[in-house]
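What the coordinates show
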Amino acid sequence: MSDIELRGVTKRYGGVTVVDDIDLHVQDGEFLTILGPSGSGKTTLLTLIAGLTELSDGRISMAGQEVTRVPPAKRNIGLVFQSYALFPHMSVFDNVAFPLSIRGLPRSEIERRVGEALGMVRLGGFAERRPSQLSGGQQQRVALARAIVFGPSILLLDEPLGALDRKLREEVQIELRQLQKSLGLTSVLVTHDQEEALSLSDRLMVLDHGRVQQVATPTDAYLHPANRFVADFLGVANIFTGRPVEEGGQMRLRLGDGQLLPCPALPDGRGAPELDLLVRPERIRLEPAGAPGLAATVTDAIYLGQSVRYVLEGPGGQRIVAQSADRMARFGRGERVALGWAPADGWIIPPAAGMH
Ligand code: ADP
Ligand code: MG
C-alpha cells in the first residue's frame, strides 16, 4: 500500500531547469502515465521518484513518509527500463532471483518467490533459459518479474515497451495492466506514445519542458485538453479559430470567412476574443455537399479496417481530419462535403493565462 506525493519537485542541471516545480499525487493502486515529447523531463522525473537522482528542490513522500533523502534500495520500488538489460550470462531464474539474492533471502524462499513471479508473467516453463533464447516481449516480461519479485508496493516503468513491435507491445500492455491491477501496485509509467498512455492509464500527466500541462483521465485529457499543447499532443486535433457569436439562443463560432460552426455554450462567451475550438476526428459527421455544415473537399479517404479516415480541405485550405465508423468510404477524393458535429462535441481550449 503506497501513494506517492510530489511537492514542488524540481531538477536543475547547471542553469537549466529540466523538471520544474511539479506537484502530483499518485493514489494508492493507481496507474499514472507521464506523457511528453522527447526531452520534456520524463526520465529525469522518474529517476527523482526512484531516488536515483537528487532533487534540486521540493520533496517526495511515499505512504505518508517523506523519502526525499532515502536511498533507492530502501524505497521498496520495482523498476523497469527499456534499456535495463537482463544479465545475458545468467538464466531467467537467476535474473529474477537477483534482487532476492542481494537481499540475502534463503534459497527455498527465493525459489518460491521466483516461481510465483514467473508464473505471473506466464513464463513458468522458461526458468532455465538464457535471455538470448527469448523473444523481446518475453525478455521484457522477465524484467517485469524481476521488478515485482520482492513485493514492492510501487512500480516505475520508463518506456518499457518501446523496443517491442506493435503487436507484442499490445500484448505486454494488457499483461502489465492486469498484473498491476491484481497486485494493486501504485505505478508510474513514462512514455512518449500517446496511444499507450491513453489505453493503459487511470490518469495521465502531460509534461512539456519540465512543466505539467495537465493531469487528467485519458478521456478528459483527450476531449477536454487544458491547452493547445495537450490538444495537439494527444491524437489528431482539428482546431478552428474564430469569434463566439450568439445566434437564436445558440452559441456559434464565426470563422474569418463568416461561416458559423457549432460550438459548446460558453460561461462568458460574449465579447470574448478569438477562441480555439477543438473537434476530434471521431466527432465529425460527413454529409453530401449542400447539407448544412462546414464546406470541405475530400483530399484522401483511408480505409483503416474498423473505420475510414477522411482527410479534408476546409476554409482557407485548413487540413481537417474526420474519422467515421464506416465499413467503406462513402466519399472519394475531390468530392465536396459538409461537415457537422453536435455543439457539445466541440471543446473550447482554455486560452493561455495572460493572453487576453
Ligand atoms: P525525456 O525522458 O522526456 O526524453 P529527460 O528527462 O531524459 O527527457 O531529459 C530532459 C532534459 O534534461 C533534456 O534536455 C536532457 O538533455 C537533460 N538532462 C537529462 N539528464 C541530464 C544530466 N545528467 N545532465 C544534464 N542534463 C541532463
Ligand atoms: Mg526518457
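Here the structure is shown first, and the text comes after it.
This section reports on the structure supplied with the text. (Residues numbered from 1 in each chain as written. Chains lettered and ligands numbered in written order. Predicted model: local features only at pLDDT ≥ 70, side-chain atom pairs only at ≥ 80, totals over all residues. Heavy atoms only, no water.)

**Quick notes on the packing of aromatic side chains**
Going by this rule: Aromatic pairs are defined between Phe, Tyr and Trp rings, using the six-membered ring for Trp, whenever the two ring centres lie within 6.5 Å; interplanar angles under 30 degrees are classed as stacked, those over 60 as edge-to-face, and all others as tilted. Secondary structure elements follow DSSP: runs of H or I no shorter than four residues count as helices, runs of E no shorter than two count as strands, and numbering proceeds from the N terminus. Buried, partly exposed and exposed residues are distinguished by accessible area as a fraction of the type maximum, computed with a 1.4 Å probe on protein chains only: under 20%, between the cut-offs, and over 50%, respectively. Think of it as a cone above the ring: NZ of Lys or CZ of Arg counts as a charge over the ring if it is within 6 Å of the ring centre and within 35 degrees of the ring normal.
Applying the stated rule across the entire model yields four aromatic pairs. Geometrically, the ring pair formed by Tyr310 and Phe331 is edge-to-face, given 6.3 Å between the ring centres and 65° between the ring planes. Here Tyr310 is found in strand 17 (residues 308-313), whereas its partner Phe331 is found in the loop between strand 18 (319-324) and strand 19 (336-340), with 21 residues between them in sequence. Across this residue pair, the class does not change: Tyr310 and Phe331 are buried. Here the basic side chain of Arg103 rests over the ring of Phe150, its NZ or CZ set 4.0 Å away from the ring centre. Above the face of the Tyr222 ring, Arg280 is positioned so that its terminal group lies 4.2 Å from the ring centre.

**Examining unusual backbone geometry**
Its identity as a non-glycine residue notwithstanding, Ala63 has a phi of 50°, on the positive side. On the secondary structure map, Ala63 appears in the loop between strand 4 (57-62) and strand 5 (65-66). Phi is positive for Glu159, which is not a glycine, with a value near 45°. Within the fold, Glu159 resides in the loop between strand 7 (154-158) and helix 5 (166-183).

**Structural notes on the sheet that holds strand 16 (residues 294-303)**
Rules: Whether two strands pair comes down to DSSP finding at least two bridges between them. Here an axis means a line fitted to C-alpha atoms, over the contact stretch when the element is a helix, while the angle between two N-to-C directions is reported on a 0 to 180 degree scale.
Reading across from one edge, 15-19-16-17-18 is the order of the five strands in this open sheet, with antiparallel pairing throughout. Looking at the sheet topology across the chains shown, the edges are occupied by strand 15 (285-288) and strand 18. Direction aside, neighbouring strands of the sheet carry axes that sit 45° apart on average. Sheet analysis places strand 16 next to strand 17, joined by six bridges and oriented antiparallel. Directly across from Asp300, in strand 17, lies its bridge partner Val311.

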